Each structure stands twice: as structure tokens, then as C-alpha cells.
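Structure assessment
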Amino acid sequence: MELTPVHFFSHGSTRMLEAETESGDYWTKCGEEALAHNVKGVVIMGAHWACLNDKIEVATNPKPLKSACPFVNPALYKDWVPNPDLKTAERCISMLNAEGFKASANPNFDWIHDTFMVLIRMFPDFKKCPPVTIISMNARYDPYYHIKVGAVMRPLRKEGYLIVGTGGAIHNLYRNRWTEMLLYRESLGQETPPEDGIMNFRQAVEDVVSKNRGPALRKAMIRLMQHPKYREAQATDDHWMPALFAAGAAGDWEDEKYSNVLGAETWELTNMCNSQFTFGRYVEKGEKERHLSKPTLGMENMTSRIGMVSA
Ligand SMILES: [Fe+2]
């Protein structure tokens, strides 16, 4: 295999482990694709683990436990056994330190539902789950830092590793309407439409991902943090950083050849939009380069449209 894709998954609420959703089906499809391509391992950054000061850690617990996953049937996750990749973890630490990060191993870290919930849907049979390396975020939430972490991990794609960020495209717990979840374990009702600002940012994310490739994707994903509705969509920065990690891993000049897609989407709790994105695709060795058009930029579109009107 020449190159693996990169996923940015919006994990949403814990109900996404149990509920039947388009997003859950997409995670499963991506897992099946990964197994069909014999991926060597999964390198994943979640949204629930961040290190203080200037540190970043990589999980090296040989037998990690799993934290509780509320609002779902425990039978869905309690017997699923994590498959940590200690060898790759040590390698990731070396790769990060060689690029100036202060990375170290954390031999006590237990897995949290931001990662294992997605991995369970991707690889329901834990015996088939490829070895997994979990990388923490840094709690200063510097976008350039997290883009660079992804960029440092990018070469692993050429070795057959699958890189995944799991956070949220729209993830503001203060804007969510929790009543149905608390009373009935139901998150998909959508009795009223999402707020305008939320819809606005959701569209901006889709546009940025689908209309930018390579380094332009990295820049545009960072720039979204200056979007007027960013703070409505993300009350805190923790669920956005894994998106930047993913863009970092898929934002090299070489990635300009491949399109980035919105694969599935699930709304929960009125204002939480769980968009699932895939950057690039599986590229086989010896595959002839397909003719791919340049990404369509908004301004180019506008110019050509104006041109057509005036002609
Ligand atoms: Fe989360």
C-alpha cells in the first residue's frame, strides 16, 4: 500500500455506541476497509486526554482498563479488550521528540470512550482490532502544535498505519439539550432545529474540508478557529484539536492529489453535529495516478460564475 487515508470522526455523545446511526455505519465501513487493506496499526488522538504545560504523552499501558461509558448498555463495551501497540508508541515518542516536542510515555493511562467507542464500532470483534497507539493532546490547545503532531505522524501512513482524530465538528455541551438523554437515553430526537450559528459553522467545516487539499487544508482548518461562530460551535477547544491533528497528517503537498470527503453525519441533542470526514483514500502500490481535477476554490467558482454572467 502506498498511502492510507486519514479520518476525523466526530464521536458525539456516548449514545453513538449504542444507537443505530449513519455515522456508526460509516465507522464500521471504515474499519472493514482498514482490515481489507491490512492496516498495520491505528494511531489515534482523542479529545478527552490532554497534558499540561509543554508536554505530550503517548499511552504505553500494556493492559489498559476502559472508563465507564454512561447512557449505554455496558454489555456493548465491557468485554471488548483493548489492543495497545507499545512498540509503535515508543516509536511515536521518538518521532515527536526528534521534531522538538517534549513527548513521553504514560504507562498508567486507561482508555476513554472518545477512542474506544469509535474503535468498537470500527472493529466490533476486538480480536480483529489492529494494534492501537493513543496520543494525548496538549492542554494549551495551540492549533499549530496539533497540526504539527499530525504532520510528524504522517510518514506512518506510508507504512500502512491508519491515522484517526476523534473529536467533534460541532461539540458544545453547553448548547446541547440534554433532557431526553437524561430521562430516556435518547439523543437523536431533534424536536427543534439547531441554532443558526451552529448551522453556519457546520457548513463552514464541510466547505473547508471539501474545498481544500494539502497545506491549504491545514491552514483553513486552523482559520476556522477565527470563524465568528467558532465559539458557539466549540465551547472549549478540546474537541477541535483532533481535527487539526488529522489535517496535519493529511496536509502535505503530496495530499493535494486526493480529495477530502464528508462521509456521514448525525445530529444529536439538537445542537451537536457529528460529521465524519475522510481525508484521502487508500492508494495501492503501482496504482496509476488518476486524473484528478484541482480543488474547487470558492473564489474561483465565484469568478467563473461572474464571468459567465457578464459574457
Ligand atoms: Fe467527547
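Above this text is the structure in question.
Here we summarise the structure given alongside this text.

Each value, and the rule that gives it
Residues take numbers from 1 onward in each chain, read along the sequence in its written order. The model is predicted, so local features are restricted to residues of pLDDT at least 70 and side-chain atom pairs to those at 80 or more, both for listing and for counting; the totals for chains, interfaces and linings are taken over all residues. Segments assigned H or I by DSSP are reported as helices when at least four residues long, segments assigned E as strands when at least two residues long, and all are numbered from the N terminus. Two residues qualify as being in contact provided that their C-beta atoms, derived from the backbone, are within 7 Å of each other. Exposed residues have 12 or fewer other C-beta atoms within 10 Å of their own C-beta, buried residues have 20 or more, and partly exposed residues fall in between, where C-beta atoms are placed from the backbone. Only buried residues count toward a nonpolar core: Ala, Val, Leu, Ile, Met, Phe, Trp, Tyr and Cys, linked into one set through C-beta atoms within 7 Å. For the handedness criterion, the strands are oriented away from the viewer, and a crossover whose path from the first strand over the helix to the second runs clockwise is classed as right-handed. Only the stretch in contact is used when fitting a helix axis, every axis being a line fitted to C-alpha atoms; angles between N-to-C directions are given from 0 to 180 degrees. Every angle not falling under 35 degrees, over 145, or within 65 to 115 is termed oblique; those three ranges are roughly parallel, roughly antiparallel and roughly perpendicular. Left-handed describes a crossing whose near helix is turned anticlockwise from the far helix through less than a right angle; right-handed describes the clockwise counterpart. Ten residue types, Ala, Val, Leu, Ile, Met, Phe, Trp, Tyr, Cys and Pro, are classed as nonpolar, four, Asp, Glu, Lys and Arg, as charged, and the remainder, Gly among them, as polar.

Observations concerning the overall build of the chain
The helix and strand tally for the chain stands at ten helices and eight strands. Over its C-alpha atoms, taken along the principal directions, the chain stretches across nearly 65 × 50 × 40 Å. Restricting to contacts in the chain with at least 6 residues of sequence separation, those with at least 24 account for 86%.

Brief notes about the environment of Arg 177
Take Arg 177: it is sitting in the loop between strand S6 (161-167) and helix H5 (179-184). Judged by the 16 C-beta atoms lying within 10 Å of it, Arg 177 is partly exposed. Sequence spacing of Arg 177 and Ser 187 is ten residues, and the spatial spacing of their C-alpha atoms is 8.9 Å.

Topic: the nonpolar core
A general trend in soluble globular proteins is that nonpolar side chains are found buried together. Counting residues in each nonpolar core, the largest one holds 76 residues, and the members touching the most others are Val 43, Ile 163 and Ala 246. In terms of residues, this core owes the most to one element, helix H9 (residues 241-249), which gives seven residues. For Val 43, the residues in contact, after removing those within four places along its chain, are Thr 88, Cys 92, Thr 133, Ile 135, Met 153, Leu 156, Tyr 161 and Ile 163.

So, the pairing of strand S3 (residues 55-59)
Here is the key point about a regular strand: its side chains alternate between the two faces of the sheet. Across the five residues of S3, four count as buried, placing the element largely inside the fold. Remark: the S3/helix H2 (residues 86-98)/strand S4 (residues 102-106) crossover connection has right-handed handedness.

Examining the pairing of strand S1 (residues 6-10)
Of all the five residues making up S1, five are buried; the element is thus mostly covered by neighbouring parts of the structure. Burial along S1 is two-sided: Val 6, Phe 8 and Ser 10 and His 7 and Phe 9, pointing in opposite directions, are all buried.

A word on the packing of helix H7 (residues 215-223) against H9
As a packed pair, H7 and H9 sit with axes 8 Å apart at the nearest point and diverge in direction by 165°. Judged by the angle between their axes, H7 and H9 are roughly antiparallel. Every pair of crossing elements has a handedness; the one defined by H7 and H9 is left-handed. Across the interface between the two elements, Leu 217, Arg 218, Met 221 and Ile 222 from H7 touch Ala 243, Leu 244, Ala 247 and Gly 248 from H9. Of the residues contributing to the contact of H7 with H9, the split by class is six nonpolar, one polar and one charged.

Considerations on unusual backbone geometry
Of note in the backbone geometry, Asn 53 takes a positive phi value of approximately 55° without being a glycine. Looking at the secondary structure, you find Asn 53 in the loop between strand S2 (41-51) and S3. Asn 53 sits in the exposed class, given 8 other C-beta atoms within 10 Å.

Here's the deal with the packing of helix H4 (residues 143-153) against H9
Between H4 and H9, the shortest axis-to-axis distance is 6 Å and the interhelical angle comes to 45°. Taken as axis vectors, H4 and H9 run oblique relative to one another. In this structure, H4 crosses over H9, and the sense of that crossing is right-handed. Note on element contacts: H9 touches H4 through Met 241, Leu 244, Phe 245, Ala 246, Ala 247, Gly 248 and Ala 249, opposite Pro 143, His 146, Ile 147, Lys 148, Val 149, Gly 150, Ala 151 and Met 153. Classifying every residue of the contact of H4 with H9 by side-chain character gives eleven nonpolar, three polar and one charged.

A word on the environment of Val 152
With respect to the element layout, Val 152 can be found in helix H4. C-alpha separation for the pair Val 152 and Phe 245, spaced 93 residues apart in sequence, amounts to 9.7 Å. Those residues within four positions of Val 152 in sequence are excluded, and the remaining contacts are Met 95, Leu 96 and Glu 99.

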